[in-house]
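Reading the structure
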Protein chains: 2
Amino acid sequence: TTNLQRDNKYTYKMAWLEKPIKGLLLDISGVLKNGDLAIEGSVEAFRRLKASKIPFRLCTNETQEPREALRAKLSRLQFDVDLDKIFAPAPAMAARLRQEKRIPHLLIHPKINCEFDQPPNGVEPDCVVIGDACEAFTYEAMNTAFNILLKLKQKGEPKFYTLGRGKYYMEPNGLMLDLGPFTAALEYASGLTAELIGKPSPRFFKSALDSLELPPDQVVMIGDDIVGDVGGAQGVGLRGVLVRTGKFQPSDENHEKVKPDAIVDNFSQAIDQILQKCCYSCKSQRFDDRVPKK
Amino acid sequence: TTNLQRDNKYTYKMAWLEKPIKGLLLDISGVLKNGDLAIEGSVEAFRRLKASKIPFRLCTNETQEPREALRAKLSRLQFDVDLDKIFAPAPAMAARLRQEKRIPHLLIHPKINCEFDQPPNGVEPDCVVIGDACEAFTYEAMNTAFNILLKLKQKGEPKFYTLGRGKYYMEPNGLMLDLGPFTAALEYASGLTAELIGKPSPRFFKSALDSLELPPDQVVMIGDDIVGDVGGAQGVGLRGVLVRTGKFQPSDENHEKVKPDAIVDNFSQAIDQILQKCCYSCKSQRFDDRVPKK
């Protein structure tokens, strides 16, 4: 028997490491950084991850900034990452609109306009997309989006997408309303239900998985949101690891619906355990399917 | 037997007139007027009502304008009514705040500020009141209200009032979002449920009833909103009459939850039937309890 199997508690805690881990999905905010500060140990852990060659994607619900701005911000914090490794709701939405040949009415932050194709002039929109518009959530803008939704509903083809359902987030000046409440407002007024793009929608996780070219049971998601990250990832067959940083709350450890595959103190600890296990279980070939022999 | 009893269908339709009617509650928008136009026949019917001396109150969910402005607007349309006959959510809210000695944070239309007592300077609000703030529904104003709500929630005494739950209303330029969606947004973000002031809250109907000094079963509510007017009134023991004007929809005639005591073409027809019956049933004493003898 191995050391792992001898210690029952340890074995239980380490069960999530028994299946091979060939790729990772990482949340950004609350895992790598909080606001404009890197979380302790995350920069070094991120470097170790890159050195290990385990492929990963960053999977964020950030909808206020385009990926390029996010990449630049991460780079300033010493997280060097390629643009095509960042999965965010806005580019996922843009790809979907392109694919379905839709003309959106965009109620989004002016800064992420660049993620979307410029709609042709004079063509009526056939769907509404709401993002974290922030100051652009004016009464007039809400009214315009609402009137378009109602017109689409009367035509019988209402398409309403939201880039997220977050309630609020912390800023230096206090709590700020996220796009969830404004999505709820338009849903209440129109009687429509918006389709969620971004976490925890299965489609969003799958697009990141597709890009890794890995089956879900070989990939682990690491996040600070018990429902959006952990529950969402588990819903499509990934393992979900919760970190005790970011928006983590002690009550999350006994969440009534979502049981994380593991709970770790922080990103650094998760990476350590993953790399340790990978080295232990497969000496020659790093990311092997083989179960260690007894 | 009377003529009424001979014609079954007529008897059924007239059943709501069998009990005495000693007072009326009238909705304004959709019953007396649509926007800036009096509804056909309503001005004359309103005059007949006043001449009959049947006491009445106007019961509106208007929260964009103070009562005085509403009175002036009605007067221009030839509906002459005293200020103390108008029951609206804002003054009802103000009276309640006065009574409970609360300091509100007001997220309302600047025009109805005058309905509220000026809060003392430098005192922290102990509740949030949301009205139809219209252009004043900015991201900043929503954020401020939300932060206060969350602070009150953390203190364990969250009081959150809404002057209505309307979804939208019609203006010459198109549909305008009412305060319901913005209430829903703050509820979603804060996890709190706002208490409704105004129709169809029982408390609001009761305050108008109290002012009439009549028991509910002697009063009839006339409105164009099957749920807010008719259902709300029936909920506190009034009879509810639906008019086929204003926001009335043909589907309201078979509403799954609310069965009006009567459905009439318009306000004028309702008044005609009421006055006819009153004259028929009680020749000497106008608004008597007596049931006509067989």
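Residues numbered from 1 in each chain as written. Chains lettered and ligands numbered in written order. Predicted model: local features only at pLDDT ≥ 70, side-chain atom pairs only at ≥ 80, totals over all residues. Heavy atoms only, no water.

1. What about the overall build of chain A?
Let me state the cut-off plainly: Starting at the N terminus, helices and strands are each numbered in turn, a helix being any DSSP run of H or I of at least four residues and a strand any DSSP run of E of at least two. Only the C-alpha atoms count toward the radius of gyration. The rule for a globule is 2.2 Å times the residue count to the power 0.38. Exposure categories follow from relative accessible area, calculated using a 1.4 Å probe and restricted to protein chains: below 20% of the type maximum is buried, above 50% is exposed, and the middle band is partly exposed. Computed by Shrake-Rupley with a 1.4 Å probe, the accessible areas treat only the displayed protein chains as cover when residues are assessed.
Helix and strand content of chain A: ten helices and 14 strands. Here the C-alpha radius of gyration of chain A, 21 Å, is about what a compact globule of 294 residues would show, namely 19 Å. For the C-alpha atoms alone, the extent of chain A along its principal axes is close to 70 × 40 × 35 Å. Within the span of chain A, comprising 294 residues, buried residues form 52% of the whole. Total accessible area on chain A stands at roughly 14300 Å², and carbon and sulfur atoms take up 50% of it.

2. Section: the nonpolar core
The test is simple: Side-chain atoms within 4.5 Å are what join buried Ala, Val, Leu, Ile, Met, Phe, Trp, Tyr and Cys residues into a set we call a nonpolar core. By definition in these notes, contact holds between two residues if any of their heavy atoms fall within 4.5 Å.
If you look at the biggest cluster of nonpolar residues, it comprises 77 residues, and the most contacted ones within it are A:Leu186 and B:Leu186. Sort the elements by how many residues they give to this core and helix H6 (residues 139-155) of chain B lands first, with nine residues. With sequence-adjacent residues up to four places away left out, B:Leu186 is seen in contact with A:Leu177, B:Leu107, B:Ile130, B:Met142, B:Ala145, B:Phe146, B:Leu149 and B:Phe160.

3. Structural notes on the interface of chain A and chain B
Put simply, the rule is: Once two parts are joined, some of their accessible surface, as seen by a 1.4 Å probe, is lost; buried area is that loss totalled over both. Here a polar contact is taken to be a pair of N or O atoms separated by no more than 3.5 Å, where protein atoms must pair a possible hydrogen donor with a possible acceptor and residues adjacent in sequence count only if both atoms sit in side chains. Each residue gets one of three labels, nonpolar for Ala, Val, Leu, Ile, Met, Phe, Trp, Tyr, Cys and Pro, charged for Asp, Glu, Lys and Arg, and polar for the others, Gly among them.
Counting residues at the interface gives 27 residues for chain A, matched by 27 residues for chain B. Overall, the association of chain A and chain B removes approximately 2300 Å² of surface from exposure, summing both partners, and the carbon and sulfur fraction of that is 69%. If you sort the residues of chain A by the area they bury against chain B, A:Tyr139, A:Leu177 and A:Tyr188 come out on top, with a joint share of 35%. Run the count over chain A and chain B and you get eight residue pairs in polar contact (both at pLDDT 80 or more). Broken down by element, the side of chain A that touches chain B gets its largest block of residues, eight residues, from helix H7 (residues 179-190) of chain A. Taken together, the residues that form the side of chain A that touches chain B break down as 18 nonpolar, six polar and three charged.

4. So, the packing of aromatic side chains
For clarity, the cut-off: Ring geometry is summarised as follows: Phe, Tyr and Trp rings, the Trp one being its six-membered ring, pair when their centres sit within 6.5 Å, and such pairs are stacked at plane angles under 30 degrees, edge-to-face over 60 and tilted between the two. A ring has a charge above it when a Lys NZ or an Arg CZ is no more than 6 Å from the ring centre and no more than 35 degrees off the ring normal.
A complete count under the given rule lists twelve aromatic pairs over all chains for this structure. Relative to A:Phe56, the ring of A:Phe46 has its centre 5.3 Å away and its plane inclined at 70 degrees; by these criteria the two rings are edge-to-face. Placement of A:Phe46 in helix H3 (residues 42-52) and of A:Phe56 in strand S4 (residues 56-59) is noted, with a sequence separation of ten residues between them. The pair formed by A:Phe46 and A:Phe56 is uniform in burial state, with each residue classed as buried. One aromatic cluster in this structure is built from A:Phe46, A:Phe56 and A:Phe79. Geometry around B:Tyr188 places A:Lys167 over its ring, the cationic atom sitting 5.6 Å from the centre.

5. Points about the sheet that holds strand S14 (residues 262-264) of chain B
Backbone-to-backbone hydrogen bonds join strands into a sheet, with any given pair of strands oriented parallel or antiparallel. All names here are of chain B. The line we're drawing: Two strands are counted as paired when DSSP detects at least two bridges linking them.
Taking strand neighbours across the sheet as the criterion, the six strands line up as S5-S4-S1-S12-S13-S14 in an open arrangement whose pairing is parallel. Every other strand in the sheet has two partners, leaving strand S5 (86-87) and S14 as the edge strands with one partner each. As defined by bridge partners, strand S4 (residues 56-59) adjoins S5 across two bridges and the pair is classed as parallel. Counterpart to Leu58 in the pairing with S5 is Ile86.

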